[in-house]
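Spelled out, the chains give:
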Amino acid sequence: MAAPDAAAAAAAEGAGSAPWARLEAPARLLLQALQAGPEGARRGLGVLRALRRRGGEPFCWGGFLEALCREEPVVQGPDGRLELKPLLLRLPQLCQRNLMTLLMAVRPSLPESGLLSVLQIARQDCVSDPDAWLQALGELLRRDVGVGASGQAPSPLSDSCQKQLQGLCGRLGHGGRRLTLPQAPDPKEKEEEEDRDSQQRGKRRKEPEEEPATSDGEKAPKRLRYSEREEEEDKEEEEEEGGSEHESLESLADGGVVALVESHPVVGAESGEAGRSTEDARGPALSLELPKAVQDQVPRLQQLLKTSGKGLEGFEDAPPVELQLLHECSPDQVDLLCAQLQLPQLSDTGVLQLCTWLLALSPDLSLSNATVLTRSLFLGRILSLTSSASRLLTAALTAFCAKYTYPFCRALLGPVLQASGTGLAQTELLCCLVKDKSLEPATRVLMLEQILDLPWKEETFLVLQSLLEQQVAMTPEKFSVLMEKLCKEGLAAPASMACAKLMLTVMTKYQASITETQKLGLATALESNTTFLRKSLQAALRHLAS
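All figures in this text were calculated on a predicted structure; none of them were measured in a lab.

Draft legend 1. Inspection of the overall build of the chain at higher detail. The helix and strand inventory of the chain stands at 27 helices and four strands. Within the chain, the fraction of its 546 residues that count as buried is 41%. In the chain, 71% of the contacts between residues at least 6 apart in sequence involve partners at least 24 apart. Working note: accessible area of the chain is about 30,100 Å², and carbon and sulfur atoms make up 53% of it.

As structure tokens, then:
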């Protein structure tokens, strides 16, 4: 690049464009998400998850790390001198911290050469401009890739932090695995403990395993047999722990309370089936039982629901005391209770009465239990609609959604929009719901986030248009995700009237938020549009450009 051109580019960047403006769209989205305060790393994981769900190419980590190391001229100091500086060092400090945290989470997916180059640049910068947090993250990453593995590596923790950690380990004592400070083992105690563990493992096994033999056909010594079994079991345990960590990262990517809710097998299910756990480490879900106090009240609850389904006369707002027992149930137990009470078979009148009671409970239901109830009460009922939903069902769903928005989004909005049998009746109900004036702005934001995280189809366009007509307040990052997905869908569905109406709604309702880059994306999408709204869309685009 010639000096005048370099100066012009550097001046343009200094005038307000982001350092990552020239990167590919996925990389731009990722770095924008990393700007989102202390939660940036989690939002970055959310971007990666959304990109993977689109079914496109996997995120190009090699090209991304190479771009972070690429030097470009930037204006430095009051005299306006030009200096070559890699993109990594031009990122804000908070973005750098979130980036390092994200790289730790996805390290197995990273090319080692590119990661080492990034770590080298970060280390050089820490020498000239020390940042304790970045130094610690960089040191942990270098350990992960084996840099400086020979010899005793310095701890990334400060002396004060190490002392606090040692004190914590001392207080924990022998109560947890891998939490005690290393101590020299007593050989005699170790041998006795190994013998006890070996006997316990033998008792747990249903069938005797074939013991390994030596090359002469003789049985291996006891210590050798134990060591081999121990290695196998440790390997299985590590695989299980690795799976849980991966699931935790996936759930963190959705933000907010998702980590809490998705950690439970019933709540994490996104399909239309009532969430039944298969088998986990504690045994089959079929062995689940209700607490005795709850089981004793099932006949009484059945009678109450049967009475409430006969008509609107005598409708009661105060919940029966028996429903307070829901607070004593786990989500699995609530799911079992719903099956015993046959909630999917309730009439619409009974659903409205039960929702009235549930909404009046104090304290509120936990999000996990509310998600199970939402699925049991509404999902099958909505998917089976062949005509417009009754006013009773619509009123019950709207009231429940207003109070328990996240359970609604997770257990209903996503599964209904993804179901293969979703048609006009289901779409009409969701459109009516998202347009309800009683919904809080934060409720609509949650709905939008759920829809952006789904694959789009014709019914999605209609529901999203109804939602966006309500002027949903979005952050620039969220609006950028919306626009990118909208432009992509515009190219993929040029003959869709629903998609064309959605694009027109965005261009008219959110014109002040549309950037020049997004206008170019819209123009590209409109070139292939074949609907009769094409002229209206082009006119709206010209109005944006004026």
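Draft legend 2. Representation of unusual backbone geometry within the structure. The omega torsion of the bond from Ser362 to Pro363 falls at 0°, within 30 degrees of zero and hence cis. Examined against the element boundaries, Pro363 turns out to sit in the loop between helix H17 (348-360) and helix H18 (367-383). In this structure, Gln342 is a non-glycine residue whose phi angle is positive, near 55°. Considering the arrangement of structural elements, one finds Gln342 in the loop between helix H16 (331-341) and H17. In this model, Gln471 sits at a positive phi of 55°, which is unusual for a non-glycine residue. In this fold, Gln471 is placed in the loop between helix H23 (458-468) and helix H24 (476-492).

Draft legend 3. Structural view of the packing of helix H26 (residues 516-527) against helix H27 (residues 534-545). Closest axis-to-axis distance for the H26/H27 pair is 11 Å, and the angle between their directions is 160°. On the basis of the axis angle, H26 is roughly antiparallel to H27. Considering only the axes of H26 and H27, their crossing is left-handed. Seen from H26, the contacting residues are Lys519, Leu522, Ala523, Leu526 and Glu527; seen from H27, they are Arg534, Leu537, Gln538, Leu541, Leu544 and Ala545.

Draft legend 4. H23, seen in detail. By the criterion of burial, H23 is predominantly enclosed, with nine of the eleven residues buried. Those residues of H23 that sit buried are Glu459, Thr460, Phe461, Val463, Leu464, Gln465, Ser466, Leu467 and Leu468. Against helix H20 (405-418), helix H21 (424-434), helix H22 (441-452), H24 and helix H25 (497-509) lie the buried residues of H23.

Draft legend 5. Fine view of the nonpolar core. Core analysis: the biggest nonpolar cluster contains 87 residues, and Phe378 and Phe408 have the highest contact counts within it. Aside from chain neighbours lying at most four places away, what touches Phe378 is Val351, Cys355, Leu393, Ala396, Leu397, Phe400 and Leu412. Ranked by size, the runner-up nonpolar core spans 39 residues in total, among them Trp61, Leu102, Leu110 and Ala122.

Draft legend 6. Representation of the pattern of salt bridges within the structure. Tallied over the full model, the rule gives seven salt bridges. Where Glu72 meets Arg90, a salt bridge forms, and the shortest distance between an N and an O atom there is 3.8 Å. With Glu72 in strand E1 (residues 71-76) and Arg90 in helix H5 (residues 87-90), this residue pair connects regions lying 18 residues apart in the sequence. You can call Arg90 buried: its relative accessible area is 13%. One salt bridge in this structure joins Asp348 and Arg381, with 3.6 Å as the shortest N-O distance. You can see Asp348 sitting in helix H17 and its partner Arg381 sitting in helix H18, a full 33 residues away along the chain. Assessed through its relative accessible area of 23%, Asp348 is described here as partly exposed.

Draft legend 7. Quick peek at the packing of aromatic side chains. Per the counting criterion, the structure on display carries seven aromatic pairs. Ring geometry for Trp61 and Phe64: centres 5.8 Å apart, planes at 80°, overall edge-to-face. Remark: Phe64 and Trp61 occur in helix H4 (residues 61-69); sequence separation between them is three residues, near one turn of the helix. For the residue pair Trp61 and Phe64, the accessibility class agrees, reading buried in each case. The interplanar angle of 90° and the centroid separation of 6.2 Å between the aromatic rings of Trp456 and Phe461 together place this pair among those described as edge-to-face. Relative accessible area serves as the criterion here: at 9%, Trp456 is assigned to the buried category. Taken together, Phe59, Trp61 and Phe64 form an aromatic cluster joined through their ring pairs.

Draft legend 8. Geometry of the side chain of Thr460. Residue position: Thr460 is located in helix H23. Judged by relative accessible area, Thr460 falls into the buried class, the value being 0%. Beyond its immediate chain neighbours, meaning those up to four positions away, Thr460 contacts Leu417, Ile451 and Pro455.

Draft legend 9. Layout of the packing of H18 against helix H19 (residues 391-403). Their axes nearest at 12 Å, the elements H18 and H19 cross at an angle of 155°. Here H19 runs roughly antiparallel to H18, going by the angle between their axes. Note that H18 runs across H19; the crossing there is left-handed. Two secondary-structure elements touch here, H18 through Ala370, Thr374, Phe378, Arg381 and Ile382 and H19 through Leu393, Ala396, Leu397 and Phe400. When grouped by side-chain class, the residues that make up the contact of H18 with H19 number seven nonpolar, one polar and one charged.

Draft legend 10. Representation of the environment of Thr515. Looking at the secondary structure, you find Thr515 in the loop between H25 and H26. On the basis of relative accessibility, which here comes to 37%, the residue Thr515 falls in the partly exposed class.

Draft legend 11. View of the environment of Cys409. Mapped onto the fold, Cys409 is located in helix H20. A C-alpha to C-alpha distance of 9.5 Å links Cys409 and Thr443, two positions 34 residues apart in sequence. Excluding residues that lie within four positions of it along the chain, Cys409 makes contacts with Gly414, Pro415, Leu446, Met447 and Gln450.

Draft legend 12. Local environment of the environment of Leu341. Relative to the helices and strands, Leu341 is located in helix H16. Leu341 gets classed as buried once you look at its relative accessible area, which sits at 13%. For the pair Leu341 and Lys306, spaced 35 residues apart in sequence, the C-alpha separation works out to 9.8 Å. In this view, Leu341 contacts Val298, Leu301, Gln302 and Leu305; residues no more than four positions away in its chain are not counted.

Cut-offs applied
Residues numbered from 1 in each chain as written. Predicted model: local features only at pLDDT ≥ 70, side-chain atom pairs only at ≥ 80, totals over all residues. Heavy atoms only, no water. Helix = DSSP H or I, 4+ residues; strand = E, 2+ residues; numbered from the N terminus. Buried < 20%, exposed > 50% of the residue type's maximum accessible area, 1.4 Å probe, protein only. Contact = heavy atoms within 4.5 Å. Areas by Shrake-Rupley, 256 points an atom, 1.4 Å probe, with all protein chains shown as cover. Axes fitted to C-alpha atoms, helices over the stretch in contact; angles between N-to-C directions. Parallel < 35°, antiparallel > 145°, perpendicular 65-115°, else oblique. Left-handed = near helix turned anticlockwise from the far one by under 90°. Core = buried A, V, L, I, M, F, W, Y, C linked by side-chain atoms within 4.5 Å. Salt bridge = Lys/Arg side-chain N within 4 Å of Asp/Glu carboxyl O. Phe/Tyr/Trp six-rings, centres within 6.5 Å; stacked < 30°, edge-to-face > 60°. Nonpolar A, V, L, I, M, F, W, Y, C, P; charged D, E, K, R; others polar.

It is worth stressing that arrangement in space is one thing and function is another; only the former is reported here.
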